Structure formats: structure tokens, C-alpha cells
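Coordinate inspection notes
Residue strings, one per chain:
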Amino acid sequence: MAEQVQYQLERMIPELEALEKHNIFSHTEVQSIVKNRSKFEHALHRRIKQKLDFLRAIEYETNLEKLRKKRIARMGLEREIIGTSVQYAGVRRILSLYQRATIRFKGDLSLWLQYIEFAKSSHSNKVLSSIFVQAIQYHPNNASLWIMAASFEYEQNSNMAAARILLQRALRLMPENQHLWHEYFRLELLYIEKIKLRRRVLGINQQKNAEDIEAMNVDEKEEEDDNTIQLPAVTGEDVEKWKEDEGQKKKIKLSEAEAAALEEANNPILQGLLSKIVYDNAIQAIADDIEFRKKFVEIYQEFTDTEKHIDYIYETIRRDMNTSPVARAFLAKRYLFEYKNLQMMTMTDPAFIPAFRLCVQEFDTALKEVPLTEMWELYIQFLLDWHTVATEENLKLYLVKLLQKLFKTCRKEDKLSMKLYELWSSFLMKENEEEKADNIASVGLEHFPQSVPLWLNRIAITKEEQRQLYETALENNPESLLLWTSYKDWILNNDSHLLTEEMDQLLSHACERVTLLLPSVTSSERNEIKDMIQTAYTEWAAQTRGIEEARQVYKKIMKNSYPTYAFYMKCIEVENKYGDKTGQENVEYLYDRITSLQENKDASYISYLAYLYSQKKFQKATQVYNRACKEVSDKETFDIKVQKLRESKQRNL
């Protein structure tokens, strides 16, 4: 090991001598650098190597390189060091450390990504190609690496062929990876867009004026993403150069055959043939996924002159997914989408009404061809969304009439689902037709008693029978957090006209019922329901009857239930808020109970110690700390938190 360390240190001698010669670092600083590097090299050559040792060495070298650059800039030595070992030695050493780390930890993807990011930031393009090759070799099923490599080849190396080959190989390995298909599709469109831009600027098949050319060069509004291939920008210098050459190219005379061959309309590649082939292959590999195909439409919309290609995607959706309600709904909504603005039309747009009528006609046709409940749900939800935002009276009236007709027709054809009953009842309530809404909710609950929105609609409409409705609703939906929250609010609300004794009885009974909801790992709502009801009862008791009554309540809950960490903390909060100085024993009792739980050990003990320090009970705090040291999972981290807590208390004294 010593020989290897010595070898690595000897390799640094020319670089360090050059740094000292140019007065970038003093002799003392160079000695310090040698000492630190020697320490790092000994750590890196241990028999059992650790990733942390490599990261520490890389961090040290990165900071050293930043310092070197700052001093060179301050001393004005940029020209003097060009081509010398001083210019590149720091970057080479960091790259070497990354290389050694990735050889040792081949399976660590995060390390490879850091390696790639540094190579990019240091403009080490020659090294970057080999890094991608090695990273993909060890992580062939990571789509992001393939996309990053293809992006690098296209954007930095201007090598479209290499980028295309990389993505094709990735797709052979992962033919069902949707992100790969989308990025390969985007790559082909970017390439064609770049060619079209150059042709138009050069005057070949001149179809756009200078404003169009300038619009093509608008900066991308989206944030840069390593997993997305970006369109290279055309600089002002490029445009000026092309303008200078314009006079020369006008002198070139082409034959009619040559001119025809240069026309975009006669060139299938420029007309998007390759992207169409990619799309066709993609939907063969992933056939029945409407979201997958919708993404191709979104990508097409980022480019110019793609309307006919988007129509082709619509045709394939209709051809392959004609019986899918989601696909038919997507086709129906397409008329409201503006290609130029890449967003939905607004109601103030003159083209909105004709486009909306086309949507309705398409939905009506879909209902006839696909008479499924899901199709009804999508159609009605579409109309309700627009009904919510509509402000123009005639349009709102039209939507109301259309929705009423659809709901009645749906009931006549026996297609009403739980969701449709919920939508219908809520729609009638918004239209202030409470009697009809209550009737629909009642009928819906006969078929779907597990529908919480229908129960809540009935409760909101019926003022006299709310207590009985809550009882029945909770019997059918004992694990609904939404329903329990509404019930708790109703009990505590002054408008419920309940006496204090009745409220106490209802809250006590509610605590007993939620106790039967055993803790669940899969259903977090059960635990939330218990915490909400039990803490609400405790705080209500403290507010209305005083702290002694609250203590009886929470001690009863502790005895009969399985309180959680959140409940104990709420009890401590109630004690601190409503209790007096004589209640310290109760707070400590609660903390002793909470630290006996298996969950949140560290937080419980830290909170307990903070309380004891605030009460200046240092002897008791020492006892608690000793007990905590035996129970916390990470004693080192716990000690750091305790030390910060002690320092904070000392500053406040």
C-alpha cells in the first residue's frame, strides 16, 4: 500500500512545482496539500475501501481547484498557464478520483451521475463519451443514462447518428419503456426542426418571413432537464452570417429537377416520416395505453407544422382504441385545444362555441358507440367542469339543460354508478334544488351505502335528522376520515343545539367506536381518525369543564384505548395551555408514557429533556438522558441534539 501511495504522490510533483513557481500557492500551502493528499491516498488504498473516503477526497480537490482558479484570475495568469500542467492538473485529478471510485463501486448509480455532472461542468467532452459507455455497461437498464448519452452526442458532439443508435439500442433492451420512446421521438423532431430552420434561413423553400425565423429562436421556457433533449439555439452570429451569404447563394442557379428535390413538400424525411415510423413502432410495442399516445401529441405540439401528424395520432387512437371510454373522451376534447398557444381555449375565444359543439357531438357519438357507465361519467364530468367556470348566462343555461337531460337519460338506461349519483346530487345542490338532490342521494344510498359524498349531501340538506343520519353513515363507513371529521365538527358546532351533557356523551361514545379501529400500517386514516376524535374530546373537556376534567378524559382513553404519539403530545399541549404550576407531575407522567412507546423515541426524549431543562430539573434530566441512551437507535446523533439543546438553554439563562 505504501508503494502505491508513494507512486500517486510522486505523480503530483510537476504540478505542485508549477503551482509554487507561479506563486499560486506558497511553499507552506504546497506542503499542506501534500499532507492532505497523503492522508486521502492512505484512506483510498485501505483493504476495505469506503465510498465516503472517495467523496471526501473529491470534495477537497474540488475546493482546491476553485481556489486555484480564483487566484489565477486575481493574478491575471490566464494566458501564462495555457497549455501547462497547471491548467488541467486539478480537473485531471478529480476525474481520476471519480474513475477510481466508480471502478470500486460500479453499482452505485448516484456516483456515476456525479461523475457525469462534473465532466459536463468541466467541459471534459472527450472523457464524457467514455464515461457514458462505462456507466451504461454497468447500468444497461437505466433509461436515463441512455437518454443523457444520446443528448450529449446530439447537443455537444452534433452527432445525430450516434444519438440515434444509442436510443435504438436502449429500446431493444427496454421496448416497453415509455420515456425512451418519447425521447427518441423528440430527437427525430428536433433534428428535422433544425434542418428546416437552416433551410429557411438560407432561403431554400422560402415559406416564412424574418419574423417566423426569429420566432423559431425564442428561448425555451421549460427548465432544463438532463433526461430531455433540448433544441440547440441559433445565435445572432449565425443569422448574420447566413444573411451575408444570402447574396452569394442568389447567384446559384438550379435546374428544375434540383429545385424540386430541395422542396420540403417533396422530401418525406422533412415531412416527418422518421418520427411517424418511431410512433408506429412505439404503439406496436405499447399498444393499449392512451396516456402514452397523448404524450406524443404533446411533443408534436412543441414543434411547427405538425397539425397533420397530430391528426394521424388521433386516427390511430380511433382505429385501435375505439371502444375505450378514456380514448373516446380524449378525442372528443381535442377540439378545444389551441395548437398555437398549446393550451385549452377560453370561453372568451370566438372559436370556443363552435369547438364546444363539436366536442358535444363527438361525446354523443361516443355514447352511442360505447354505451358504458365510464363513458357517461367522463361526458358528464366534462360538462360539469365547464359548468363550474362558466360565467356567460346563455352558456350556463345550455350546460344546465344538457346536464339535466343526460342525467335523466342515464337513469332511464340504468347506467347510474355511485360516482354519477354523487355528481348528480352535488349538481342539484349547486342549482339550489335541494329536494331533488335529497331524493337522488337517498336513491343512490339504497344502491351504494358506502358512498360518503352522498351521506354528506343528505346530512347537509336534512337539518332535523342529522344525528340519525350520522349514526347510519358511520355504521356503513366506519373508516372514513372525511365522515368522522364532519361528525366531530357537527358535535362541536354551536349550531347543532346540543347540550353539554349530550356533547360529552357523543364524544365519549365516538372515542369508544374509534377504539375498535385497530392500528393499521396500510390504512393511515384509521390512526388519524383515532387521534382526531380522542384529542378533540380531551381539548373540549379542558375548554368547557377545566383541566381536571380533561385529565380524567385522557387517563380514561389511555386505559381503554391504544393512544398514539400524536395523542400524548396533544395531552401535553393541553396541560401546558390549561394547567397550572401544580400540573408538572402530570406533564412528566405523560412524557414517561410517551417515551415508553416504540415510535419516535428520539423526538420523545428530546422533547422530554427540553421540558425538564425549562423547569430546571437537571437531576431528573440526567436520569432521563441515561435511560434514553439505552433506547435510542442512534446514540451519536442523539447526543448531538442533546448538546445543541443544552447550549440553547444556557444561552437563554
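Looking now at the overall build of the protein chain. Each helix and strand in the protein chain was counted, giving 33 helices and two strands. Looking at the protein chain as a whole, 45% of its 653 residues qualify as buried. Put simply, of all contacts in the protein chain between residues at least 6 apart along the chain, 60% involve residues at least 24 apart. Of the roughly 36500 Å² of accessible surface on the protein chain, 50% is carried by carbon and sulfur atoms.

Here we take up the pattern of salt bridges. Tallied over the full model, the rule gives 37 salt bridges. Ionic pairing is found between Glu41 and Arg100, a salt bridge with its closest N-O pair at 3.1 Å. Taken as a pair, Glu41 in helix H3 (residues 27–44) and Arg100 in helix H5 (residues 85–104) lie far apart in primary sequence, 59 residues in all. Residue Arg100 is classed as buried on the basis of its relative accessible area of 18%. Through salt bridges with shared partners, a single ionic network connects Glu15, Arg37, Glu41, Glu61, Arg93 and Arg100.

Together, Ile269, Leu273 and Ile277 line one region of the surface with nonpolar side chains, adding up to about 210 Å² of accessible area. Mapped onto the elements, Leu273 comes out in helix H14 (residues 273–285).

For helix H9 (residues 160–173), spanning 14 residues, the distance from its first C-alpha to its last is 20 Å, which sits close to the expected 20 Å at 1.5 Å a residue. Listed in full, the buried residues belonging to H9 are Met160, Ala162, Ala163, Leu166, Leu167, Ala170 and Leu171. Between the side-chain oxygen at the start of H9 and the backbone nitrogen of Ala161 there is a gap of 3.4 Å, and the oxygen is on Asn159.

Moving on, we come to the side chain of Arg293. By secondary structure assignment, the location of Arg293 is in helix H15 (residues 290–300). Here the side chain of Arg293 touches Asp320 through a polar contact of 3.1 Å, side chain to side chain. Leave out the neighbours within four places in its chain, and Arg293 touches Tyr279, Ile283, Ala287, Ile313, Thr316, Ile317, Asp320 and Met321.

Turning our attention to the packing of helix H10 (residues 178–202) against H15. In contact at an axis separation of 10 Å, H10 and H15 are set at 25° when each is read in the N-to-C sense. Taken as axis vectors, H10 and H15 run roughly parallel relative to one another. The crossing of H10 and H15 is right-handed. Only Phe292, Lys295, Phe296, Ile299 and Tyr300 of H15 make contact with H10, whose side of the interface consists of Gln178, Trp181, His182, Phe185, Arg186 and Leu189. Taken together, the residues that form the contact of H10 with H15 break down as seven nonpolar, two polar and two charged.

A separate point is the nonpolar core. By size, the foremost hydrophobic cluster in this structure holds 104 residues, and its most contacted members are Leu336, Phe356, Leu383, Trp484, Tyr487, Leu609 and Phe638. Counting 66 residues, the second-largest nonpolar core is a separate cluster that includes Val91, Ala135, Leu180 and Ala282.

Let us look at helix H29 (residues 565–578). The end-to-end C-alpha separation of H29 is 20 Å, in line with the 20 Å expected for 14 residues at 1.5 Å each. Of all the positions in H29, only Tyr565, Phe567, Tyr568, Lys570, Cys571, Ile572, Val574 and Glu575 are classed as buried.

Here we take up the confidence of the model for the protein chain. For the protein chain, per-residue confidence averages 86 on the pLDDT scale, and residues scoring 70 or more make up 87% of the total. Predicted confidence is poor over residues 206–226, with pLDDT under 50, and the contacts of this stretch with residues over four places away or in other chains come to 22 contacts. Within the model, pLDDT remains below 50 along residues 231–236, and this stretch shows nine contacts once partners closer than five positions in the same chain are excluded.

Geometrically, a packed helix pair is captured by the angle between its two axes and the distance between the axes. Remark: helix H21 (residues 418–430) packs on helix H23 (residues 452–461), axes separated minimally by 9 Å, with the N-to-C direction vectors making an angle of 25°. By the angle between their directions, the pair H21 and H23 is classed as roughly parallel. Between H21 and H23 lies a crossing whose hand is left-handed. Across the interface between the two elements, Tyr421, Glu422, Ser425, Ser426 and Met429 of H21 pack against Pro453, Leu454, Asn457, Ala460 and Ile461 of H23. Each residue belonging to the contact of H21 with H23 can be placed in one class, and the counts come to six nonpolar, three polar and one charged.

Mapping Pro449 onto the fold places it in the loop between helix H22 (434–447) and H23. Here Pro449 falls in the partly exposed class, since its relative accessible area comes to 26%. Between the C-alpha atoms of Pro449 and Met418, which are 31 residues apart in sequence, the distance is 9.4 Å. Look past the residues within four positions of Pro449 in its chain and what remains in contact with it is Trp455, Asn476 and Asn477.

Turning next to the packing of aromatic side chains. One pass over the full model with this rule turns up 32 aromatic pairs. Both rings, one in Phe132 and one in Phe152, keep their centres 5.8 Å apart while their planes meet at 40°; by these two values the pair is tilted. Here Phe132 is found in helix H7 (residues 125–138), whereas its partner Phe152 is found in helix H8 (residues 143–155), with 20 residues between them in sequence. According to the relative accessible area criterion, Phe132 is buried, its value standing at 3%. Ring pairing ties together the aromatic residues Phe185, Tyr279, Phe292, Phe296, Tyr300 and Tyr312, which thus form one cluster. Looking at Arg334, its charged tip hangs above the ring of Tyr314, at a distance of 5.2 Å from the centre.

Right, let's talk about unusual backbone geometry for a bit. Positive phi, close to 60°, is recorded for Asp414, a residue that is not glycine. Mapped onto the elements of the fold, Asp414 is located in the loop between helix H20 (393–412) and H21. Of note in this structure, Asn432 is not a glycine but carries a positive phi near 60°.

It is worth spelling out the environment of Glu573 at this point. Here Glu573 shows up in helix H29. In this structure Glu573 comes out as partly exposed when scored by relative accessible area, which is 42%. Through-space distance from the C-alpha of Glu573 to that of Glu539 is 9.3 Å; in sequence the pair is 34 residues apart.

Reading the values: the criteria
- Residues numbered from 1 in each chain as written.
- Predicted model: local features only at pLDDT ≥ 70, side-chain atom pairs only at ≥ 80, totals over all residues.
- Heavy atoms only, no water.
- Helix = DSSP H or I, 4+ residues; strand = E, 2+ residues; numbered from the N terminus.
- Buried < 20%, exposed > 50% of the residue type's maximum accessible area, 1.4 Å probe, protein only.
- Contact = heavy atoms within 4.5 Å.
- Areas by Shrake-Rupley, 256 points an atom, 1.4 Å probe, with all protein chains shown as cover.
- Salt bridge = Lys/Arg side-chain N within 4 Å of Asp/Glu carboxyl O.
- Patch = residues over 30% accessible without salt bridge, like charges linked within 9 Å, V, L, I, M, F, W, Y side chains within 5 Å.
- Expected span 1.5 Å × (residues − 1).
- Polar contact = N/O pair within 3.5 Å; in protein donor to acceptor, adjacent residues only side chain to side chain.
- Axes fitted to C-alpha atoms, helices over the stretch in contact; angles between N-to-C directions.
- Parallel < 35°, antiparallel > 145°, perpendicular 65-115°, else oblique.
- Left-handed = near helix turned anticlockwise from the far one by under 90°.
- Nonpolar A, V, L, I, M, F, W, Y, C, P; charged D, E, K, R; others polar.
- Core = buried A, V, L, I, M, F, W, Y, C linked by side-chain atoms within 4.5 Å.
- pLDDT = per-residue confidence, 0-100.
- Phe/Tyr/Trp six-rings, centres within 6.5 Å; stacked < 30°, edge-to-face > 60°.
- Lys NZ or Arg CZ within 6 Å of the ring centre and 35° of its normal.

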